Each structure stands twice: as C-alpha cells, then as structure tokens.
Amino acid sequence: MSNKKFLKYAGSMSVAVLISRFFGLGRDIMMTSFFGTTYIADAFQAGFQLPNLLRKMFGEGALSAAFIPVYKEIEVTKGRKKQIEFGINLLSILSVILFLLSLLGILMAPILLKILTPGFDIQTHNLAVKIARILFPYLFLIGFSSTLISILNSHGSFFVPGLSSSFLNIGMIGILSGYNVFNPNSSLEQKIIATSIGVLIGGIFQTLINFPQLRQIGYNFRLNISLKDPAMKVMWTRFLPGVIGLAVRQINLYIDLILASFLVSGSLAALQYGNRLMQFPMGIFGVAAGTAVLPLFSKYTAEKNWDELSKSLRFSILSLSFVMLPMTAIIASLGKDFIKILFMRGNFDVFALNMTYKALLFYSLGLIFYSINRIIIPVFYANKDTKTPVKISAYIVLINIFLNITLMKLMQHSGLALATSISAFIQMVFLIVFLKKKVPKIQIINLKTSLLKISFLSTLLWIFLQSINHYWITENFFDTLLKSGVLLSLSVVIIFNGATLFNIENSKTIKDKFWKKLRKK
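Since we're looking at a predicted model, the values are computed, not measured.

## Some details on the overall build of the chain
So, step 1. Helix and strand content of the chain: 19 helices and zero strands.
So, step 2. Relative to its 521 residues, the chain shows a buried fraction of 57%.
So, step 3. Contacts spanning at least 24 positions in sequence make up 87% of the contacts within the chain whose residues lie at least 6 apart.
So, step 4. Approximately 21900 Å² of the chain is accessible, and the part contributed by carbon and sulfur atoms is 67%.

Listed below in structure tokens is the structure:
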C-alpha cells in the first residue's frame, strides 16, 4: 500500500512539476537570450535570491516541515473542523509576518546586497537594489502560496499545487515578451526591470490558483489570529529549530553569492543557469518525491506504523536511485549539447556555454545525494525531530565553506558547484547514521546490492554516451538536436533493458506503475 501511495502522490506531483519545469525552461531560454552572462544577469540573480532565500523559511522549508505533522495529527485526533481552524490561524499569522518582512526587505535592500555581493561594482549593485525592491513583495506571495500548497498536499492534492509555479514562469515570459514587442529599442536594464514586474504578476496568479481547491476542502478565508492555540505553540516550538537549521543551510548560498561576486563577470549567472538545469530532473523527481512523502510519513508516524514507513522509505530511495544515477550519466555526457539547444542564441555566447556547462556538470554529480536527503529529512520531521537535521546542517555549512574556498582557488566557479555536491554527499552520510540512532524502529535493509547494480548500469551508460560523443560531433542547432534526441532515446532503452538484464529490484514496478501514472496524467 505504501508503494502505491508513494507512486500516486509522486506521480501527480512529478507531472505537475514537469509542466512547470518546461515553462521554466522557456523562461530561462528567453532570459539567457536577452541577458546572457552579463552584469545585468548577475544583478537579477542577486536581486531575486534575496526574497527567495527568506521565503524558504516560510514555504517549502522549516514552516511546512513543522506544520504538516501537526496538521495531520489534528486531523487524526480532533477531526477536520479543528484542522481547518488551525490552518486558518496559521495563514492569518503568516500574512502579518510576511507583510512586515517584505516591507523591511524593501527598506534594507542596499545593505543586504552590499553584504551578500561585496564584489559587485557600483553599476551592478545599483541595478540589483532596484530589482530586489521590486521583487520583495514576491516574498509575501510565495510564502503565503507555499503554505497553501502544504495544506493541499496534506489532503492528498498534488497536481494543481505543483502546477502553480508555472504561473511565475508564464508571468515572466509574458511580460518580457510583451515589453520587448512594444519597446524593441529599450535598454537591457529596462527589460530586466519589466521582467521583475512579471515575477510579481506571476506570483499573484501562483497564489490564486490554489483557492478553489481549498474552498472544496472547507476553507473560508478570514483573518483569525489566536496565539493561545496549544497546537500552534507546538508548531512554533518545532518551527524555530527548523528556521535555525534552514538559516544555517542558507549560509551556503550566501557564501556562494559572496565568493561568486569576486570571480569573473557572469560567474553568478552561470552558476544559476547550471543549477536551474540541474533542478529540472531534481524538481520532477527529487523534490516531487520529498514533497509527497512528508504527509505519508507523518501519517505512518502518527499511527506508529513503522513497518509501512520502513517499506515506503526503502522504496523511495530505490526509485530515486533508478532515475537519478542514470540521469547524472546523461547530463555528464550530453549536458553541453542540452545547453546549446536551449540557450545558444542572442547574448549567450561560447564563453557563457562553457561556464554554464562546467557549473551544470559539477552540480549534477550531487543529484542522487540531494534527492536522498530530500527523502530522509522528512522522516525526522514526521517524528517531530527538527533538531537533528539542524545540527547536521551546521556541520555541513562549515565543511562547505572550507570546500568552497579551497576548490574555488583551483576551479573558479566550478569549484563552488563541486563543493555543493560533495557537501550533499557528506550530509547524506550523517543523516543515515543519525536516523539509525534516533529512529531504530525504521529498518532499511538490503539496499547495497540494488544500488551497486544501478551504479554499474549508469557507468556503462556513461561510457557508451562518451564513446558516441567522441565520433559524433555536431556544428549546428538541428544536428545537435538530432543527436540529443537519438542518444536520449537509446539511453532509455539501455536503462530499461539493463534493469531487466541485471534484475534490479523494483525496477519493473517503478517502470510499470510510475510511468503508467505519468501517461495517464
């Protein structure tokens, strides 16, 4: 039953995220075409990071991790009416907090950017401040929207909430396209300002799309603040360690911003483009799976059904490994071709291509580790333990800072990406070790053989693609597109037939049920 629920929830979420990621690719194609890896692109990425770093505390990060287990527990013990009252109370409190934070961010944008990007010249800094001030209200929109999504996920709704992020990308694409049509001779700075306004418009629609389903559940929106609610006190108690942990993890991103601002112009944009491309498979499979399992794990924990929780966790890890390890081999071999197809036009030149590919390559080495961490951390949250991931994150930050400084000297911006992947591996090891200590009732057995088989199959795939790359060299867009299509198709054949040949556990279930679910959607 746990495997079926996981595939159902993850399948719905994956299809929605896949659609959103396609719109995201469209957005990135347009952004790279207009702005390449110029100082304007760096300014936008820096300005956009500020509200995004803060919203993670109130969206997909600490708040949802503390909220969902309590929310599910109220449903089991007190019923739907009390559950909805708790949800409305949280949304009311959150609205006030997010409004104040957005206002504070607008006022303090120059100071924050001076701290985060001390290497920016005055022109880049001033543009980043303008962009940040336009974008800080997005913190309110996305923070509120992310909590609505957490509520819907708790009620088994994943498709529409997962689709909501499409509207952010649609807003950016629509506004930039329209502005360019009516103002073709405008400067790049004017176009990036228009794009920033598109973020706000997309954020409004991203929030509104969730309201119809919430009404169906029984939500009637009104401002209702009750700070004395015992359940709310429990949630905030769990939330605070999560915020500390998330703040600690965000230090890694701050360090990346600070160090990248001292590198050659365009380094920050190249890192962001490479990370965005890496997030395509990560979002479709890793993030979708991590989002899907938290309500499921919380339910099994509330019921003390350790057997189902163990089975679900094991199946989730194998499923992600079966996808992410071959995906890493494909990105390592065909990543440059993908970038050529998607971005090689306008202001995106060969220099930008090589910088972005290096970032993508080294970020992709950590795909499997990011994904498994997304699965394991919700187990701690479901067991009402937010402190252990915090402590682990604190150690990882120190390790990542050391790796960043060391590898940046040797590899420039590529070293920052590689440091992130190595840190994700170390974090995974720590999480597994502490999971066995903290929740000994969870048993994850006999994983090594299956993981070794998947790793061997992925290595064979990489060797095959590298061999073809050596002889099949393309010069133009259509040849590159043909080559990528042929090799991707062959990769799928190799993976599926190799899984059968090596008798990889659960591969048939994953292929039959997961992809069947995707086709239905």
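So much for the structure itself; the text now carries on.
## Section: the nonpolar core
So, step 1. In terms of nonpolar packing, the biggest core is built from 134 residues, with Phe44, Phe86 and Met235 touching the most fellow members.
So, step 2. At 17 residues, the largest contribution of residues to this core is made by helix α12 (residues 306-343).
So, step 3. Excluding residues that lie within four positions of it along the chain, phenylalanine 44 makes contacts with Met31, Ile131, Leu135, Met172, Ile192, Thr195, Ser196 and Val199.

## Re the environment of glycine 415
So, step 1. Within the element layout of this structure, glycine 415 appears in helix α16 (residues 413-438).
So, step 2. For glycine 415, a relative accessible area of 0% translates into the label buried.
So, step 3. Taking the C-alpha atoms as reference, glycine 415 lies 8.0 Å from phenylalanine 362; in sequence the two are 53 residues apart.
So, step 4. Beyond its immediate sequence surroundings of up to four residues, glycine 415 is in contact with Asn404, Leu407 and Met408.

## As for the packing of aromatic side chains
The geometry of two aromatic rings is summed up by the distance between their centres and the angle between their planes.
So, step 1. A complete count under the given rule lists eleven aromatic pairs for this structure.
So, step 2. Relative to tyrosine 138, the ring of phenylalanine 48 lies with its centre 6.1 Å away and its plane at 35°, an arrangement referred to as tilted. Here phenylalanine 48 is found in helix α2 (residues 39-58), whereas its partner tyrosine 138 is found in helix α5 (residues 122-154), with 90 residues between them in sequence.
So, step 3. For phenylalanine 48, a relative accessible area of 9% translates into the label buried.
So, step 4. For tyrosine 138, a relative accessible area of 2% corresponds to the buried category.
So, step 5. These aromatic residues form a ring-pair network of at least three members: Phe44, Phe48 and Tyr138.

## Overview of the packing of α5 against helix α8 (residues 188-208)
So, step 1. Two numbers describe how α5 lies on α8: the axes approach to 8 Å, and their chain directions differ by 10°. When the axis of α5 is compared with that of α8, the two are roughly parallel.
So, step 2. Of the residues in the contact of α5 with α8, the class split is 16 nonpolar, six polar and two charged.

## Topic: the environment of serine 150
So, step 1. In this fold, serine 150 is placed in helix α5.
So, step 2. With a relative accessible area of 7%, serine 150 lands in the buried category.

## Some thoughts on helix α17 (residues 448-471)
So, step 1. For α17, spanning 24 residues, the distance from its first C-alpha to its last is 35 Å, which sits close to the expected 34 Å at 1.5 Å a residue.
So, step 2. The set of residues buried in α17 consists of Ser450, Ile454, Leu457, Ser458, Leu461, Leu465 and Asn469.
So, step 3. Buried residues in α17 make contact with α12 and α18 (477-501).

## Considering α8
So, step 1. Here α8 contains 21 residues, and its C-alpha end-to-end distance of 31 Å stays within 8% of the 30 Å for a straight helix at 1.5 Å per residue.
So, step 2. Listed in full, the buried residues belonging to α8 are Lys191, Ile192, Ala194, Thr195, Ser196, Gly198, Val199, Gly202, Gly203, Gln206 and Thr207.

## Quick look at the pattern of salt bridges
So, step 1. Tallied over the entire structure, the rule returns four salt bridges.
So, step 2. In this structure, aspartate 28 engages arginine 27 in a salt bridge whose closest nitrogen and oxygen atoms are separated by 3.6 Å.
So, step 3. With a shortest N-O distance of 3.2 Å, aspartate 337 and lysine 483 are connected by a salt bridge. Here aspartate 337, found in helix α12, pairs with lysine 483, found in helix α18; they are 146 residues apart in sequence, far enough to count as distant.
So, step 4. For aspartate 337, a relative accessible area of 6% puts it in the buried group.
So, step 5. Judged by its relative accessible area of 4%, lysine 483 falls in the buried class.

## Regarding unusual backbone geometry
So, step 1. Phi at glutamine 412 is positive, roughly 55°, even though this residue is not glycine.
So, step 2. Mapped onto the fold, glutamine 412 is located in the loop between α15 (387-411) and α16.
So, step 3. In this structure glutamine 412 comes out as partly exposed when scored by relative accessible area, which is 41%.
So, step 4. Despite not being glycine, asparagine 503 has its phi angle at roughly 55°, a positive value.
So, step 5. Take asparagine 503: it is sitting in the loop between α18 and α19 (507-520).

## Structural notes on the confidence of the model for the chain
So, step 1. Taken over all residues, the pLDDT of the chain has a mean of 81, while the share at 70 or more is 86%.
So, step 2. Overall, residues 517-521 carries pLDDT values under 50, and its contacts beyond four positions in sequence, including any with other chains, amount to nine contacts.

## A short note on the packing of α17 against α18
So, step 1. For the pair α17 and α18, interaxial distance at closest approach is 10 Å and the crossing angle is 155°. Comparing their axes, α18 and α17 come out roughly antiparallel. Remark: the crossing between α17 and α18 carries right-handed chirality. From α17, Leu457, Leu461, Phe464, Leu465, Ile468 and Asn469 reach across to α18, where they touch Lys483, Leu487, Leu490, Ser491, Ile494, Ile495, Gly498 and Ala499.

## A word on the layout of surface pockets
So, step 1. The calculated volume of the second largest pocket comes to roughly 760 Å³.
So, step 2. In terms of lining, the second largest pocket is formed by 28 residues, of which the most central are Ile317, Ile372, Met428, Ile432 and Leu451.
So, step 3. Contributing elements (two or more residues each) for the lining of the second largest pocket: α12, α14 (367-382), α16 and α17.
So, step 4. Within the lining of the second largest pocket, the residues separate by chemical class into 19 nonpolar, seven polar and two charged.

## Structural notes on the side chain of histidine 125
So, step 1. Mapped onto the fold, histidine 125 is located in helix α5.
So, step 2. Dropping the residues within four chain positions of it, histidine 125 is found in contact with Pro110, Leu113, Lys114 and Phe120.

What counts as what
Residues numbered from 1 in each chain as written. Predicted model: local features only at pLDDT ≥ 70, side-chain atom pairs only at ≥ 80, totals over all residues. Heavy atoms only, no water. Helix = DSSP H or I, 4+ residues; strand = E, 2+ residues; numbered from the N terminus. Buried < 20%, exposed > 50% of the residue type's maximum accessible area, 1.4 Å probe, protein only. Contact = heavy atoms within 4.5 Å. Areas by Shrake-Rupley, 256 points an atom, 1.4 Å probe, with all protein chains shown as cover. Core = buried A, V, L, I, M, F, W, Y, C linked by side-chain atoms within 4.5 Å. Phe/Tyr/Trp six-rings, centres within 6.5 Å; stacked < 30°, edge-to-face > 60°. Axes fitted to C-alpha atoms, helices over the stretch in contact; angles between N-to-C directions. Parallel < 35°, antiparallel > 145°, perpendicular 65-115°, else oblique. Nonpolar A, V, L, I, M, F, W, Y, C, P; charged D, E, K, R; others polar. Expected span 1.5 Å × (residues − 1). Salt bridge = Lys/Arg side-chain N within 4 Å of Asp/Glu carboxyl O. pLDDT = per-residue confidence, 0-100. Left-handed = near helix turned anticlockwise from the far one by under 90°. 1 Å grid on protein atoms, 1.4 Å probe; cavity = no way out; pocket = protein on both sides within 12 Å on 5 of 7 lines; lining within 4 Å. Points joined across faces, edges and corners; volume = space filled by probe spheres on them.

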